[in-house]
Amino acid sequence: MVLLSAMFGLSACASYERSSGVENTWRSKDVPTFEKGVTTQADVIKALGPPSQIITLQDKPVFYYLHEHREGGGVFLLVFNYAKDKAVYDRAVFFFDADGVIEDFSLSKEGVPYEPESE
């Protein structure tokens, strides 16, 4: 009986959910339409805020936005442990010409639904 009590006393369950990176406002219904050859760097920053990274490819800027959503959980027993973790990366990438106008852009296929932060 003591062994059984100790086994259950030393067991635990855990679950978690967290997000990191920039807020994925590109999934918002209120975000403006981005158009190749029309939308500028200033338009993108005004709509989405500062990017996660700015990369330069052949003297042309690339704005890279990343939002990570991670959830998981597990059961931790005296003799057996099980844990599961799932990460979803939601990305938006904008390629600009030398004048700062969008040449091309792309959003990741698997997206995290946009949920505005509570204030």
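Residues numbered from 1 in each chain as written. Predicted model: local features only at pLDDT ≥ 70, side-chain atom pairs only at ≥ 80, totals over all residues. Heavy atoms only, no water.

**Digging into the overall build of the protein**
Now for step 1: Counting secondary structure elements, the protein contains two helices and five strands.
Now for step 2: Along its sequence from the N terminus, the protein presents helices and strands in the succession α-β-α-β-β-β-β.
Now for step 3: Across the protein, the fraction of contacts at a sequence separation of at least 24, relative to all contacts at a separation of at least 6, is 58%.
Now for step 4: Taken as a whole, the protein presents about 8,500 Å² of accessible surface, with 55% of it coming from carbon and sulfur. (Helix = DSSP H or I, 4+ residues; strand = E, 2+ residues; numbered from the N terminus. Contact = heavy atoms within 4.5 Å. Areas by Shrake-Rupley, 256 points an atom, 1.4 Å probe, with all protein chains shown as cover.)

**What to know about the environment of Val79**
Now for step 1: As for its position among the elements, Val79 is in the loop between strand S3 (60–76) and strand S4 (81–96).
Now for step 2: By relative accessible area, Val79 is classed as exposed at 73%.
Now for step 3: Each C-alpha atom of the pair Val79 and Ser11 lies 9.3 Å from the other, and the pair is 68 residues apart in sequence. (Buried < 20%, exposed > 50% of the residue type's maximum accessible area, 1.4 Å probe, protein only.)

**Side note on the confidence of the model for the protein**
The predicted coordinates should not be examined in detail at positions where pLDDT is low.
Now for step 1: For the protein, the mean per-residue pLDDT works out to 87, and 89% of the residues sit at or above 70.
Now for step 2: Ranking the elements of the protein by mean pLDDT puts helix H1 (residues 2–9) last, at 54, and helix H2 (residues 41–48) first, at 97. (pLDDT = per-residue confidence, 0-100.)

**Brief notes about the pairing of S3**
Now for step 1: One ladder, built from ten bridges, connects strand S1 (residues 12–21) with S3; its direction is antiparallel. Within the sheet, the bridge partner assigned to Gly21 lies in S3 and is His67.
Now for step 2: Examined bridge by bridge, strand S2 (residues 53–57) and S3 share five bridges and lie antiparallel to one another. When the bridges of S3 are listed, Ile54 appears paired with Phe63.
Now for step 3: Where S2 hands over to S3, the hairpin turn is made up of two residues, of which Gln58 adopts a positive phi near 50°.
Now for step 4: Here S3 folds back onto S4, and the loop between the two strands holds four residues. (Pairing = 2+ DSSP bridges.)

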